[in-house]
Each structure stands twice: as structure tokens, then as C-alpha cells.
Amino acid sequence: MTDEYRQLLNLLRSSEAAGTVVRDIERLSRGIDNVKIVHVCGTHEHTISRFGIRLILPKNVKLIAGPGCPVCITPASEIDAVIELALSGVAVLTFGDMLRVPGSELSLFQARSRGADVRVVYSFLDAIKVARSEPSREFVFFAIGFETTAATVAPYIALGKVPENLSLFVSHRLIPPAMEFMSLLRHGADAYIAPGHVSTIIGCKPYEVFPKVYRQSVVIAGFEPLDVLLAVKTILDLTKRGDVKLVNEYSRAVRYEGNVLALKYMYRVFEVVDGAWRGIGVIPQSKLCLRSEYRRYDAVERYGISIRRGIDVRPGCRCGDVIVGRAVPTDCPYFAKVCTPNNPLGPCMVSMEGTCRIWYQFERTRGGEVSERERATEYLYNSSS
Amino acid sequence: MCLGIPGKVLEVRGDTAIVDFGGLRKEVSIVLTPDVQPGDYVIVHAGFAISKISREEALEMLKLLSEVVNSIKVPKTSSR
Ligand code: SF4
């Protein structure tokens, strides 16, 4: 068969295309003030850091990482509660990147070395399989993540396919309320790059408020370096014309209405409540919890868990500022010295979507800015991929 | 967690599909994208295909890009 998508991917990765867009960005950036662009997705940060995109952008264009890492924003109090369950003898199933995230005192990984049964699963479907294969054991699935992940959890609950020995500790959070919280309170973003994969589920509509009410443009973008560059170009183009808009750059995967079936399952099973975000505080209408019809799957009810105050940010750790883009990891005195992926002090150093962890991998080894700028430019202009 | 990877559907088996990720094959759930067919590209997140990649939109983008990047030719193979 013809493979247009392969061709598109090759084009998206071609240095010629990147070079053209970078030149457009340079041209558009002339004669305008500072433009502050906030993205809210760990995968975008990964692309930006890995390909050194910040270094090839003009000085007046700032790309800032917002709260886009699900394990980073899960409050310590919720991790503590799951650890308590695990230590009491219930087996806990979790995604791998939650394993080493520090709670108030321990991580799930440390709980495991104290005898708790903590296992990593790749998907909620795996969790169901594990629970089915050991019917005499009780399991709790630690359901973290944004809309993208909540959408994968809901259908099997709605379809009644969750075995009796499996319940869920639901910690899902929603992205648009967090963006709106930043717009309302303290974040001087001029524009957002919206997360592509969350948007495949929720579609474009939830972002319409930003141009309308807050006069901030939003560009929904994919995860190739060129997707990010095109998003920046679009934002500069709008800025230059004094316009604000919602633009879907990732139209190959995101429909205006989102994934209607996924949304139907999600809101059949979950309802929206206020929720705390680690390092940020309570954000109105930003958390999912099981509706009363499905409460029998709720681990909090099943085991009578009480959620106690936790220690979200340890003294000295600047994760709270890093998560909302008020600081970058290199502003933290512990970065790459005391705090490393093997010995994380804060949640941002753990997951491959955490800003500190990403910077540890890609930015730490960078020498002077000039040589790095050259390297990134060289990548974008000359490499053939 | 939000890492979504594009892959190509090889085979559909009820509510799961075998998806090829550049040589690596995995079984993924298609309860959220029940209309996918072999040959389609999908975005897979945490074991679930969450979105089908639109051939029309991909072609559209390919065309747009070819206009700005002179040296790139519009593919003649398009199956429109
Ligand atoms: S480097 Fe470590 S201590 Fe510093 S802000 Fe990041 S996670 Fe916290």
C-alpha cells in the first residue's frame, strides 16, 4: 500500500523543512516584544530538550515547561495512601514511572524493599490480566495520568470487565483546568502549546476559552521537532498580526470533537471534582473520581483509606516552581549534584516526563551556550534523518 | 505516561489489534478506536489505540510542507 504517513514522518524529520521553519521564526520574531510560550506536556519538553529547540530560537521567544508530567503533580498524600495500602498487604499495580516518585517519606519502590507487593504494569488491561490470574489476591491499580490515560481506564469499568479482586485508587487530573488556573492567577503566558495526545481525547473545544477570555493563543501540536517549530511559527505569526486564535497543528491525529467514544466512557464512569496538584495547590474542577454507581471499584471506599496531609516539596527542592515554569531545573542548587535520577529529591527528577529528569539527560551535558547552539543548528540544518 | 507512539495496524482481532512499531509488534486494545482497519496508522498510549491518524490530514500537511520546502516533491503516490 502507499504509505503517505511514512512520507510525512520523513518530511517532518527532514533538516530542510526544519531549516525553513527556523528561518521563518527568525524573520517573524524581528520587531516584536518578548513572547512567552508555555507548553503543558512532558513529551513536548522531551522533544524541545532533546533537539535543543530552545537554543535555536531567537532570544525574545521563550519556551517554558508548565505542569505536564502526571506523576510529578500527583500529591504526596495520595502516594502515601497507596504506600500504606501496599504495606498493609494489598498488592499495588502501578505504571513504571510512579515507582520511584517520593511520597512524604517513602516511594513505592522503597515500600517494596520493605516487603510490600508493588508491581509495574504497562496498561490498565495488564492490571486486569494480573488480577484475573491471581483471583485469591487483592489488587489496587494506582490510576494516575491525564485525560489520555483516564480514557484507557474508563471503558473496562463501564463494560463491567473489572474483576472483583481489583479496585482503583483514582488520581487522574485534567489539563485544561490547570491551564486556566495558570491563566487566571499568575502565569503571564502569551500563548500555549497544547498537548497533542491529551487533545486526541478532548478535542479542540476545551481550549476555546483561552483566546476568547484570556486573549491567549493556543496551538495544539504533535511531537516531532517540526511540529513544535511549526507551533512556535504559528504563534509568532499571530502575535505579529495582533491576533489570538486556537489552531490545531496536529490535525492528523486530533479531531475538533476529540475521541467521542472515549469521552463517553470517561464521563459515564468518572465525575469532575476539585483536586490538589503537587507543587501547585487545589485547582477547581481538575480531578476525576468514580461516580457513585462505580464506587464499588473505589479503593478508598473498599479499604476505608483516610488521606492525610503529605509533604509535597522537601526543603530546598524547587519542583513547585519548576512545575509552573517559574524556575528551570538549573536554578535549583541540588540539580545533578545531590538530586539525580537514582536519588531523586523531588518528583520532577523521576519520570521521563519530569522537567528535571529531562534536563538531567539532555541539558546537563551541554557546554557553553554558543557551542550548543551551533550543535543544535547543525542538527536542524545539516543532519539527514 | 503521555508518551503516545504511532504504529501501523497489521491485524484486527475483536477488540484488540496487532500493531507494528517499526518492527516491534504489540497487541493493543482498540475499544477506543473500534473502526480501525489493517493498514491504518494509530497513536498508541498505555496499551490503547487512542486515535486513528487521518490520511487526508496527513496528505494535506505533506502538501503544505512541500509548498514551503521547495526541494520536496509532492508524492505522486497519493491514493485520493
Ligand atoms: S533538581 Fe531535584 S531538588 Fe531540584 S527542583 Fe528538581 S527535583 Fe527538586
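A few points on the structure.

Each value, and the rule that gives it
- Numbering of residues begins from 1 in every chain and follows the order in which that chain's sequence is written.
- Whichever chain is written first is A, and whichever ligand is written first is 1; the rest continue in order.
- With pLDDT at 70 or above as the cut-off, local features in this predicted model cover only qualifying residues; side-chain atom pairs require 80 or more to be listed or tallied, and sums for whole chains, interfaces and linings still use all residues.
- Here the side-chain values reflect all heavy atoms present in the structure, with hydrogen atoms and water set aside.
- Residue contacts follow a heavy-atom distance rule, with two residues in contact if any of their heavy atoms lie within 4.5 Å.
- Two parts placed together each lose some accessible area under a 1.4 Å probe, and the buried area is that loss summed for both.
- Salt bridges are counted wherever a side-chain nitrogen of Lys or Arg sits within 4 Å of a carboxyl oxygen of Asp or Glu.
- What qualifies as a polar contact is a pair of N or O atoms within 3.5 Å, subject to a donor-acceptor requirement within protein and to the restriction that residues adjacent in sequence count only when both atoms come from side chains.
- A run of H or I in DSSP counts as a helix once it spans at least four residues, and a run of E counts as a strand once it spans at least two, with each numbered from the N terminus.
- A strand pair is defined by DSSP finding two or more bridges across the two strands.
- To obtain each axis, a line is fitted to C-alpha atoms, and for helices this fit is confined to the stretch in contact; angles are then taken between N-to-C directions over 0 to 180 degrees.

1. Examining the interface of chain A and chain B
Then, in step 1: Each side of the interface is counted separately: chain A has 49 residues, and chain B has 40 residues.
Then, in step 2: Around 3900 Å² of area is buried between chain A and chain B when both sides are counted, 68% of it from carbon and sulfur atoms.
Then, in step 3: Across the chain A-chain B interface, the total number found is one salt bridge.
Then, in step 4: We note a salt bridge from K161 of chain A to D15 of chain B, for which the minimum N-O separation is 3.8 Å.
Then, in step 5: Linking chain A with chain B are eight residue pairs in polar contact (both at pLDDT 80 or more), by the criterion used here.
Then, in step 6: Going through the elements one at a time, α1 (4-12), α2 (15-29), α5 (70-73), α9 (147-158), α11 (196-202), α13 (225-240) and α14 (260-269) of chain A are the ones with two or more residues in the side of chain A that touches chain B.
Then, in step 7: A total of seven residues in the side of chain A that touches chain B trace back to one element, the largest contributor, which is α1 of chain A.

2. Brief notes about the sheet that holds strand β9 (residues 246-248) of chain A
All names here are of chain A.
Then, in step 1: If you walk across this open sheet you meet the five strands as β2-β1-β7-β8-β9, and the pairing is parallel. Only two strands of the sheet have a single partner each, and these edge strands are β2 (61-65) and β9. Each adjacent strand pair in this sheet contributes to an overall mean axis angle of 20°, direction not counted.
Then, in step 2: Bridge count for strand β1 (residues 35-39) against β2 is five bridges, and the pairing is parallel. When the sheet's bridge partners are listed, I37 is paired in β2 with L63.

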